[in-house]
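Notes for the structure review
Listed here are the chains, written in short residue letters.
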Amino acid sequence: MKTNTDDRPCLICSLEDAPESARVFRDELWAAETVAGYDVPGWFFLRARRHAEQITALEPAELAAFGQRARDLSAAMREATGAPAVYLLHFGENYGHFHAVMAARGSDVPPQLRGGKLLQLAPDALDTEASLALVPVVRTAYEQLAAQPTGGAR
Ligand SMILES: [Zn+2]
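The structure displayed is predicted, hence computed values, not measured ones.

Think of an α-helix as 3.6 residues a turn; residues three or four steps apart then line up on the same face. With 19 residues, helix H3 (residues 128-146) should cover 27 Å at 1.5 Å per step; its first-to-last C-alpha distance of 26 Å lies within 8% of that length. Among the residues of H3, Ser131, Leu134, Val135, Val138, Ala141, Tyr142 and Leu145 are the ones counted as buried. Residues of H3 that are buried make contact with strand E1 (23-26) and helix H2 (60-81).

Here is the structure:
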């Protein structure tokens, strides 16, 4: 496992060992899971499978596949949760290993907690059981969308 520049173990690399129950998909280049400690229901990490720091370190094949995976996961999350919005958030400060937090923003989220303020839902909204219960629903939707010739454009 790689470490960050401050020598902390890379949380994103450790997701290679995430249990199947937390995984929406994993292919050669990309994977998506719920992550303990960040498991607000409807939040997933879409991550590069290798330790590439920042989007600028992604190889052309990873870059080409990222848009498709983000689109298919977003569509699957919307379909599975009924959320009117799915956010794609990338910061890269705590963990440089490229990943995006994809967060379904439900209609129950008050206006003052939308946009970047959605992150304020954690830690109060952390719910491992409810988060894991969504995984197979999103996985099924993702697999159906990803199997379509166009990748499930919406
Ligand atoms: Zn890493």
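Next comes the rest of the write-up.
Our next topic: the nonpolar core. If you look at the biggest cluster of nonpolar residues, it comprises 29 residues, and the most contacted ones within it are Phe44, Leu73, Ala76, Met102 and Val138. For this core, the secondary structure elements donating two or more residues are strand E2 (30-33), strand E3 (43-48), H2, strand E5 (99-105) and H3. Those residues in contact with Val138 that sit more than four places away from it in its chain are Val24, Ala76, Met77 and Ala80.

Another point: unusual backbone geometry. Here the residue pair Ala122 and Pro123 is connected by a cis peptide bond, since its omega of 10° sits within 30 degrees of zero. Turning to its location among the elements, Pro123 is positioned in the loop between E5 and H3. A positive phi is found at Gln54, a non-glycine position, where the angle reads about 75°.

So, on to H2. Given a rise of 1.5 Å per residue, 22 residues ought to cover 32 Å, and the 32 Å separating the end C-alpha atoms of H2 matches this to within 8%. The largest bend in H2 amounts to roughly 25° and is located at Phe66. Check the buried side of H2 and you find it contacts E1, E2, E3, strand E4 (85-89), E5 and H3. Phi turns positive one or two residues past the end of H2, at Gly82, with a value near 75°.

Rules behind the numbers
Residues numbered from 1 in each chain as written. Predicted model: local features only at pLDDT ≥ 70, side-chain atom pairs only at ≥ 80, totals over all residues. Helix = DSSP H or I, 4+ residues; strand = E, 2+ residues; numbered from the N terminus. Expected span 1.5 Å × (residues − 1). Buried ≥ 20, exposed ≤ 12 C-beta atoms within 10 Å, placed from the backbone. Contact = placed C-beta atoms within 7 Å. Core = buried A, V, L, I, M, F, W, Y, C linked by C-beta atoms within 7 Å. Bend = angle between axes of the 7 residues up to and from the residue.

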